[in-house]
Amino acid sequence: MNLSNIPVTTYILKPTWSRLLHRMHTLGTIRHQYHNALASVTSEGEHPRLIATPNEDKSTAINGNHQWIFENWKQVTVHVAAEYQRADFLFTSNDGELFHEINLTAKSQWDCFECMLKIFKNTPVESSPQLLTPQLETTSTFNKINNNITLVAKAVNREIIRGKKVICSIPLAGTSILKDLEFKSLMTQFGTAALKKQHSQLTLNPQTVSYHEIIQRPNKFITTLFNAEAEPLLRIRSV
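Predicted, not measured: the structure shown is a model, and the values here were computed from it.

(A) Inspection of the sheet that holds strand S6 (residues 67–69) at higher detail. If you trace the 3 strands from one edge of the open sheet to the other, you get S4-S5-S6, paired in antiparallel fashion. Single-partner strands in this sheet number two, and they are strand S4 (50–52) and S6. Adjacent strand axes in the sheet meet at a mean angle of 20° when their direction is disregarded. Pairing of strand S5 (residues 58–61) with S6 involves 3 bridges; the strand directions are antiparallel. Looking at the pairing, Ser59 lines up with Trp68 of S6.

Right, dumping it as structure tokens:
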């Protein structure tokens with residue numbers, strides 16, 4: 001279905017982050033994505049269930065995969081195409097970086113979404129034709145060879161072939177870390193790999209990977225990828 005030219009209403013939601021997030025699992029099957037400048041993880045399934053701290057400054061996933069710390073969160077925007085029962089949540093940090101995205105699918109619970117929107121919406125800010133589920137980069141951007149990614153993929157795949165459990169952790173702009181995501185398949189030279197969590201996929205941006213480090217010993221393997229500012233934006237290790 002072409003949704004590129006349909007009326008879309010945009011809302012800025014109230015910044016009651018923990019109360020919003022701990023309702024996300026009620027939406028049923030959704031597509032959820034986690035981004036930093038170097039890596040993204042895309043999953044389809046129920047959003048992780050979260051528990052907030054008493055003062056609601058943090059929320060922790062019951063499965064232990066990540067913790068949200070809200071001090072660096074700026075806003076969540078929702079684009080809604082009610083006619084097609086489609087909606088996208090876009091979470092941005094104080095510096096404007098998109099670090100979390102939730103897209104409703106045909107299997108999502110639209111009634112639950114409408115109830116959530118009534119609780120958390122402010123006044124709609126615009127209504128115009130636009131594309132739902134925006135893509136951060138084109139597919140061709142990710143199908144480019146980066147020598148750092150190629151070397152890391154070879155090292156990671158050797159660990160997997162040896163029978164090691166290989167996991168990755170990704171720091172996000174929302175002052176949190178998406179951690180301990182286990183690899184299901186070998187990593188390609190383009191930096192894509194299937195993960196075991198909810199049929200997730202890891203995708204690296206070759207334009208952003210500047211250099212890497214590998215520590216490899218008989219009982220230890222850790223590799224870290226960095227951007228041009230020397231920020232470590234992906235760590236992979238075997239356990």
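(B) Up close: the nonpolar core. Residues Phe89, Phe91, Phe113 and Phe183 are the most contacted members of the largest nonpolar core, which totals 55 residues. Residue contacts for Phe89: discarding those within four places in its chain leaves Leu13, Met24, Leu27, Val76, Thr77, Val78, His100, Glu101, Ile102, Leu104, Phe113 and Met116.

(C) Main features of the side chain of Asn227. Among the secondary structure elements, Asn227 is positioned in the loop between strand S16 (220–226) and strand S17 (232–238). Residue Asn227 is classed as buried on the basis of its relative accessible area, which comes to 4%. A polar contact of 2.6 Å, which involves the side chain of Asn227, links it to the side chain of Glu231. Beyond its immediate chain neighbours, meaning those up to four positions away, Asn227 contacts Leu38, Thr208, Ser210, Tyr211 and Leu233.

(D) The environment of Leu186, seen in detail. For Leu186, the position within the fold is in the loop between strand S12 (176–182) and strand S13 (192–194). Given the relative accessible area of 43%, Leu186 is considered partly exposed. Each C-alpha atom of the pair Leu186 and Glu159 lies 9.6 Å from the other, and the pair is 27 residues apart in sequence. When residues no more than four places from it in sequence are discounted, the contact partners of Leu186 are Asn157, Ile160, Ile161, Thr192 and Ala193.

Definitions and cut-offs
Throughout this document, residue positions are counted from 1 along each chain, in the order its sequence is written. Thresholds applied to this predicted model are a pLDDT of at least 70 for local features of residues and 80 or more for the giving and counting of side-chain atom pairs; totals over whole chains, interfaces and linings are not thresholded and use all residues. Calculation of side-chain values draws on the structure's entire complement of heavy atoms; hydrogens and water are dropped beforehand. We treat two strands as partners when DSSP finds at least two bridges between them. A helix here means a DSSP run of H or I that spans at least four residues, while a strand means a run of E at least two residues long, and both kinds are numbered starting from the N terminus. Axis lines are fitted through C-alpha atoms, for helices just across the contact stretch, and the angle between N-to-C directions can take any value from 0 to 180 degrees. Throughout, nonpolar core names a set of buried Ala, Val, Leu, Ile, Met, Phe, Trp, Tyr and Cys residues whose side chains join them through atoms within 4.5 Å. For every residue, the accessible area obtained with a 1.4 Å probe (protein chains only) is divided by the maximum for its type, and the residue is called buried under 20%, exposed over 50%, and partly exposed between those limits. The contact rule is simple, with two residues in contact once any of their heavy atoms fall within 4.5 Å. Two N or O atoms form a polar contact when they lie within 3.5 Å of each other; inside protein one atom must be a possible hydrogen donor and the other a possible acceptor, and for residues adjacent in sequence the pair counts only when both atoms belong to side chains.

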